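Listed below, chain by chain, are the residues.
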Amino acid sequence: MKSLKVIGNKNLNGTIRISGAKNSAVALIPGTLLASGVTTLCNIPNILDIDALEDTLNYLNVKVTRASGSIMIDTTNLENKEIPYELSKRLRASYYFMAILLARFNHMEMAMPGGCEIGTRPIDQTLKAFRLLGAEIIERDEKIIIKADKLIGNTINLDMPSVGATINSILVAVKANGKTIITNAALEPEITDLCLMLNKMGAKISGYGTKEIEIEGVESLDGTNHDIISDRIEAGTYTMIGALCGTHIKIDNIIPEHIKSLTDTLSLMGAHIDIHDDYLIIDNQNTLKSMEIKTDYYPGFPTDLQQPFTALLTQCEGISQMSENIYENRFMNVPYLNRMGAHIDAIGRTATIYGPTKLAGCEVIATDLRAGASLLVAALVADGETTIKEINHLLRGYEEIVEKLTNVGAKIEIEEI
Ligand code: EPU
């Protein structure tokens, strides 16, 4: 089992380059299976979630060639096979294979998808979309079977702007007969990235990035080349680290608009940030004031930054409130932050953070991906040594975390126990 050992309270200085977006990559990689032939994706992060997808592609007899930062996917010999729990449990995004295999073969079987345990995470909206497009769904013994005689375009009105349901609807609709309209669609940039790739392959999708996406189904798609966008959650996490520990930190290769809710919030709290076309500079010269924050769908404050931001709020002057509106169980980091010396009361979906508090290193556990990021932020600002256990959660989503932080002066290493 891997742990991360961090010696905190160091000044950080230098450049951190942001990698390709995990949540784009995990949708675009399955998305390539809609096309016949070869697709090359660049700016792919080297993280455990991509390894898990590669294993699923190999299992489906898809040829995968990975080089530094890129992945070449040859779908010529794609086979329709039941995806077992050992593969589907490894990441939430496994459920994009439901849509892919349904769209390609009109039939798919798989064990229910896994992912971080941050709430119940139902998939009713995805299943509703599949049904509206003509599929029949059988759920049996933790397994799901989906089949259709014919997939036919329809209007899909999502009950909430779910990222996963929007993506799954798009993946099926691009090959369904006729026109599909998705209303109340999610606006996340990763969805736009997926649509851009699919349109290069020959799909006919418009309206992405708005609440109404229109898709005209096509017979077939061809392979293409595509560069995925940079990771807004990784960018946001390092921006917070810069605001706490940076004497001068450059966060490079970002799309500033994608993290505007974060940078606006930090600026209102008094942070010193200079934002440029594809990078920002941040330092810890200004004392940060408390803030009330509510997570929301994009372009609101992202739930994926909530846990690291809660760690940052422990260092701010005054009483802050963090309300988590997307997931019901995303404060698993709080007991560990309190163990480090924070004063946080988490009741229901709201955490009240009394700051500033001095943090001290100790042993903590990364219960999920962003909880791990939260403990890392805390560890970097804490006195002494923190050991973050079970960091495979963190390595699922952050590329070269040790190298990136060591380069700017952090004392951090992975220990194999
Ligand atoms: N929801 C339903 N029914 C559904 C779908 C969603 O009730 O059928 C609810 C969920 O329970 C949740 C909310 O709607 O309360 C939002 O869920 P959504 O479907 O948008 O999330 P997701 O597709 O499962 C993706 C990211 C998450 C990120 C969310 C929100 C991927 C692989 N995952 O999840 O990323 O938190 O969107 O932005 O893209 C992470 O990276 O740490 C992570 C958890």
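Everything numeric in this text was worked out from a predicted model, so none of it was measured.

Comments concerning the environment of Ser-261
Then, in step 1: As for its placement among the helices and strands, Ser-261 is situated in helix α9 (residues 260-268).
Then, in step 2: Measuring from C-alpha to C-alpha, the distance between Ser-261 and Ile-353 comes to 20 Å, with 92 residues separating the pair along the chain.
Then, in step 3: Once residues within four sequence positions are removed from consideration, Ser-261 is found in contact with Pro-299, Gly-300, Phe-301 and Pro-302.
Then, in step 4: For Ser-261, the side chain forms a polar contact with the main-chain oxygen of Gly-300, separated by 3.4 Å.

Here we look at the site of the ligand
Then, in step 1: Around the ligand, a shell composed of 24 residues is seen, among which Ser-162, Val-163, Asp-304, Ile-326 and Arg-370 lie nearest.
Then, in step 2: Take Tyr-95: an N or O atom from its side chain is 3.4 Å from an oxygen atom of the ligand.
Then, in step 3: Here an oxygen atom of the ligand sits 2.4 Å away from a polar atom, N or O, in the main chain of Ile-326.
Then, in step 4: Burial of the ligand by the protein amounts to 91% of the accessible area it has alone, namely 830 Å².
Then, in step 5: Given that more than half its atoms are within 2 Å of the pocket grid, the ligand belongs to the largest pocket.

Considerations on the packing of helix α8 (residues 232-245) against helix α10 (residues 306-313)
Then, in step 1: α10 packs onto α8 with a crossing angle of 5 degrees between their chain directions and a minimal axis gap of 10 Å. The angle between α8 and α10 falls in the class roughly parallel. Packed against α8, whose contacting residues are Thr-237, Met-240, Ala-243 and Leu-244, the element α10 presents Pro-308, Phe-309 and Leu-312 at the interface.
Then, in step 2: Looking at the contact of α8 with α10 residue by residue, the classes come out as 6 nonpolar, 1 polar and no charged.

A few points about empty space enclosed by the protein
Then, in step 1: All chains considered together, the criterion is met by 2 cavities of 30 Å³ or more.
Then, in step 2: The space that makes up the largest cavity amounts to roughly 60 Å³.
Then, in step 3: If you go around the largest cavity, the residues you meet are Ala-21, Lys-22, Asn-23, Glu-190, Asp-231, Arg-232, Ile-233, Asp-304 and Arg-370.
Then, in step 4: Elements with a contribution of two residues or more to the lining of the largest cavity: α1 (22-31) and α8.
Then, in step 5: Here the lining of the largest cavity is composed, by residue class, of 2 nonpolar, 1 polar and 6 charged.
Then, in step 6: Of the domains in this structure, domain 1 (2-19 + 230-416) and domain 2 (22-227) are the two that each give at least three residues to the lining of the largest cavity.

Brief notes about unusual backbone geometry
Then, in step 1: Pro-299 follows Tyr-298 through a cis peptide bond whose omega is 10 degrees.
Then, in step 2: That bond from Gly-355 to Pro-356 is cis: its omega, -5 degrees, falls within 30 degrees of zero.
Then, in step 3: Locating Pro-356 in the fold gives a position in the loop between β20 (350-355) and β21 (363-365).
Then, in step 4: For Glu-400, which is not a glycine, the phi torsion comes out positive at approximately 45 degrees.
Then, in step 5: Along the chain, Glu-400 turns up in the loop between α13 (392-395) and α14 (401-407).

A closer look at helix α2 (residues 48-59)
Then, in step 1: For α2, spanning 12 residues, the distance from its first C-alpha to its last is 17 Å, which sits close to the expected 16 Å at 1.5 Å a residue.
Then, in step 2: Turning to α2, its buried residues number three or more, namely Asp-49, Ile-50, Ala-52, Leu-53, Thr-56 and Leu-57. Along the long axis of α2, the arc covered by the buried residues comes to 155 degrees, so they all point the same way.
Then, in step 3: Check the buried side of α2 and you find it contacts α1, β4 (63-67), β5 (70-74), α3 (85-88) and α4 (96-105).

The rules behind the values
- The numbering scheme is per chain: residues are counted from 1 as the chain's sequence reads.
- Residues qualify for local features only when their pLDDT is at least 70, as the model is predicted, and side-chain atom pairs are given and counted only at 80 or more; totals for whole chains, interfaces and linings, by contrast, use all residues.
- The side-chain quantities take in all heavy atoms of the structure and omit both hydrogens and water.
- Helix and strand definitions here come from DSSP, where helices need a minimum of 4 consecutive H or I residues and strands a minimum of 2 consecutive E residues; each element is numbered from the N-terminal end.
- We call two residues in contact whenever any of their non-hydrogen atoms come within 4.5 Å of each other.
- A 3.5 Å cut-off defines polar contacts: any pair of N or O atoms within that distance qualifies, except that in protein one atom must be a possible hydrogen donor and the other a possible acceptor, and neighbouring residues in sequence count only when both atoms are side-chain atoms.
- Definition of nearness: a residue and a molecule or strand are near each other if at least one heavy atom of the residue lies within 4 Å of the molecule or strand.
- Under the convention used here, a 1.4 Å probe and the Shrake-Rupley method define accessible areas, while residue burial counts only the protein chains that appear.
- Of the two site types, the cavity is a set of points on a 1 Å grid over the protein atoms alone where a 1.4 Å probe fits but cannot get out, and the pocket is an open set with protein on both sides within 12 Å along at least five of seven lines, each lined by residues with an atom within 4 Å of a point.
- More than half of a molecule's atoms lying within 2 Å of a cavity's or pocket's grid points is what places that molecule inside it.
- Axis angles are defined between N-to-C directions and span 0 to 180 degrees, where every axis is a line fitted to C-alpha atoms and, for a helix, only to the segment in contact.
- Throughout, the term roughly parallel applies to angles under 35 degrees, roughly antiparallel to angles over 145, roughly perpendicular to angles from 65 to 115, and oblique to all others.
- Nonpolar residues are Ala, Val, Leu, Ile, Met, Phe, Trp, Tyr, Cys and Pro. Charged residues are Asp, Glu, Lys and Arg, and all others, Gly as well, are polar.
- Grid points are joined across faces, edges and corners, and a volume is the space filled by probe spheres set on the points.
- Domains are outlined according to an automatic or database domain assignment.
- Helices are assigned an expected span. That span is 1.5 Å times one less than the residue count.
- Throughout this description, buried means an accessible area under 20% of the type-specific maximum (1.4 Å probe, protein chains only), exposed means over 50%, and partly exposed covers the range between.
- When we speak of the arc, we mean the arc of directions from the helix axis to the C-beta atoms.

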